[in-house]
Amino acid sequence: MKSIDHQVVIVGGGAGGLELAARLGRKFGPRHVVLIDRSDAHIWKPSLHEVAAGTLDIHREGLSYFMLAKDCGFTFVLGEVEAVDSKARQVQIKPVYADTGEEIFSSRTLPYHTLVMSVGSKSNFFGTPGAAEHAIALDSTAEAERFRLKLLHLLVAANRRKADDPSLQLNIGIVGGGATGVELAAELLEALDDAVFYGLNQLDPKRDIRIVLLEGADRILSALPPKMSAAAQRLLEDRGVTVRTSVRVAAVGEHELTDAEGRSYPVDLCVWAAGIKAPAWLRDLGLETNRVNQLVVDRYLRTTDPDIYAIGDCAQAPWQGQEGALPARAQVAHQQVGYLIDVLDARIRGAEDRPAKGFRFRDYGSLVSVGHSRGVGSLMGVLSGKSWFVEGLLARWMYMSLHLMHHFAVLGPVRTATLAIGRLLTKRGAPRVKLH
Ligand SMILES: Cc1cc2nc3c(=O)[nH]c(=O)nc-3n(C[C@H](O)[C@H](O)[C@H](O)COP(=O)(O)OP(=O)(O)OC[C@H]3O[C@@H](n4cnc5c(N)ncnc54)[C@H](O)[C@@H]3O)c2cc1C
């Protein structure tokens, strides 16, 4: 028996929040399920390095939340949540303005019975001087697009000046050798070749464009098995990327990075991909948070307020059976959704809200893209519990299937198939890299 008025409000429609809204919406409909996001279109965050490199067009890839709401049966509210009043059980949403400055929606409040926070994370500059001013972080489509345009302008200018200055070199610095930094470096290599193919042919990417990847740990992909790190580093270096490990960047200037040893690295464009933190306003909700602003949740994914849950990157959830907290990964957010569906189902029906078992993450392994035809990964055997190393095209296909699985969870099988075929066909009529 459904509780007549129980309203679940989900703040943040990313990898976790959107899947949750779609799956819950299909079951209970728009009166019970509300999704709030500050953007009007969804993009799967692990694709942002492709947006930044120009190999993925956000205007084709983005899925309208209004369309998804209609298709999946939830209510979509456009706006940025800035506060939660847990006593009054309502969220406070900022006004929404058009590019012209015109107010589209004024400031609003929205009541909830159960609140799910899934607002993701942003880059953590760790207070490094100059990082926030001079480095671009791939936190959002807007930032990824800013990087792409800046890169394009630099390439066009360098191509024009190359005839007069044969020694000219363009330097791209990537701070952080985790999955984001590694995938971006590989994606840039392909994008630069494509840019030359489409006419910036005064430049020879191997000779004139230097990509430097700086990592503080003693190996890249340090959270993943050493075999993956070694394979990824070999693949990047074979293709001309300079990889430096055990390098801690101490300052970011407009044209150079300086490390803790005082060495400097020239940069024309710098990306910061060296760690994450949750949005600072989460600290003001009166709930327990950790030092990187994540909401601390118990094994039922509940915050210190029993009516507020948190999933994905903005939550610090215990890793049952292991020490420490779960990593900030799309796979974690996806599995948390599967768990929370049952919890919220019971809440909406007015039944017992706490299942006997807490959330248990099952690590199926990790995959990292190292170009369009290469990947590296370690897969966990479901029965054996052993990990298997995969490399090459197979790993890349498996990596791509993760994005498809996200679409599948949100759109269902028919729409996912239609979309995949449609994109395959439109790709044939579009340039390999976005040049405008
Ligand atoms: C370049 C890149 C590559 C990555 N590659 C991988 C990978 O290969 N595998 C993997 O597992 N993970 C990868 N990740 C990490 C993965 O993207 C995140 O772990 C995952 O997206 C977290 O999901 P989420 O739902 O918590 O947050 P997100 O997907 O970040 O979604 C947060 C949502 O909240 C919205 N929002 C934020 N603040 C507000 C607010 N105040 N009000 C309203 N809405 C708000 C945002 O607009 C966004 O839609 C990658 C990340 C990046 C940046």
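None of these values were measured; they are calculated from a predicted model.

Caption draft 1: Molecular detail of the site of the ligand. Around the ligand sit 29 residues in total, of which Gly-16, Asp-37, Val-81, Asp-313 and Ala-330 are the nearest. One of the side-chain N or O atoms of Arg-38 is found 3.3 Å from an oxygen atom in the ligand. A distance of 3.4 Å separates an oxygen atom of the ligand from a polar atom in the backbone of Arg-329. Protein contacts shield 90% of the accessible area of the ligand, which totals 990 Å² for the unbound molecule. Looking at the shell around the ligand, the elements with two or more residues in it are α7 (179-197) and α10 (330-348).

Caption draft 2: Quick look at the packing of helix α1 (residues 17-28) against helix α11 (residues 393-411). One way to put it is that α1 packs onto α11 with a least axis distance of 8 Å and a crossing angle of 35 degrees. Each of Leu-18, Glu-19, Ala-22, Arg-23 and Arg-26 in α1 lies in contact with α11, whose residues at this interface are His-406, Ala-409, Val-410 and Leu-411.

Caption draft 3: Spotlight on the nonpolar core. Counting 63 residues, the largest nonpolar core has Ile-36, Phe-74, Met-117 and Leu-340 as the members making the most contacts within it. At eight residues, the largest contribution of residues to this core is made by α10. Listed in part, the 47 residues of the second largest apolar core include Ala-53, Leu-151, Leu-170 and Leu-192.

Caption draft 4: Summary view of the sheet that holds strand β7 (residues 90-93). A sheet is described by the order of its strands in space; here three strands give the open sequence β6-β7-β10, paired in antiparallel fashion. Only two strands of the sheet have a single partner each, and these edge strands are β6 (81-85) and β10 (108-111). Adjacent strand axes in the sheet meet at a mean angle of 25 degrees when their direction is disregarded. Bridge analysis of β7 against β10 gives four bridges, and the strand direction is antiparallel. Of the residues in β10, the one forming a bridge with Val-91 is Leu-110.

Caption draft 5: Molecular detail of the environment of Gly-62. Relative to the helices and strands, Gly-62 resides in the loop between α3 (58-61) and β4 (63-64). With relative accessibility at 26%, the residue Gly-62 sits in the partly exposed group. C-alpha separation for the pair Gly-62 and Ala-41, spaced 21 residues apart in sequence, amounts to 5.4 Å.

Caption draft 6: Representation of the pairing of strand β1 (residues 8-11) in the model. Side-chain alternation along β1 places Val-8 and Ile-10 on one buried face and Val-9 and Val-11 on a second face that is also buried. Pairing analysis gives four bridges linking β1 to strand β11 (residues 114-117), with the strands arranged parallel. Residue pairing for β11: Ile-10 is matched across the bridge by Val-116. The sheet contact formed by β1 and strand β2 (residues 33-37) spans four bridges and is parallel. In the sheet register, Val-9 faces β2, and the bridge partner there is Val-34. As a crossover connection, the stretch from β1 through α1 into β2 is right-handed.

Reading the values: the criteria
- Residues numbered from 1 in each chain as written.
- Predicted model: local features only at pLDDT ≥ 70, side-chain atom pairs only at ≥ 80, totals over all residues.
- Heavy atoms only, no water.
- Near = heavy atom within 4 Å.
- Polar contact = N/O pair within 3.5 Å; in protein donor to acceptor, adjacent residues only side chain to side chain.
- Areas by Shrake-Rupley, 256 points an atom, 1.4 Å probe, with all protein chains shown as cover.
- Helix = DSSP H or I, 4+ residues; strand = E, 2+ residues; numbered from the N terminus.
- Axes fitted to C-alpha atoms, helices over the stretch in contact; angles between N-to-C directions.
- Contact = heavy atoms within 4.5 Å.
- Core = buried A, V, L, I, M, F, W, Y, C linked by side-chain atoms within 4.5 Å.
- Buried < 20%, exposed > 50% of the residue type's maximum accessible area, 1.4 Å probe, protein only.
- Pairing = 2+ DSSP bridges.
- Right-handed = clockwise from strand over helix to strand, strands pointing away.

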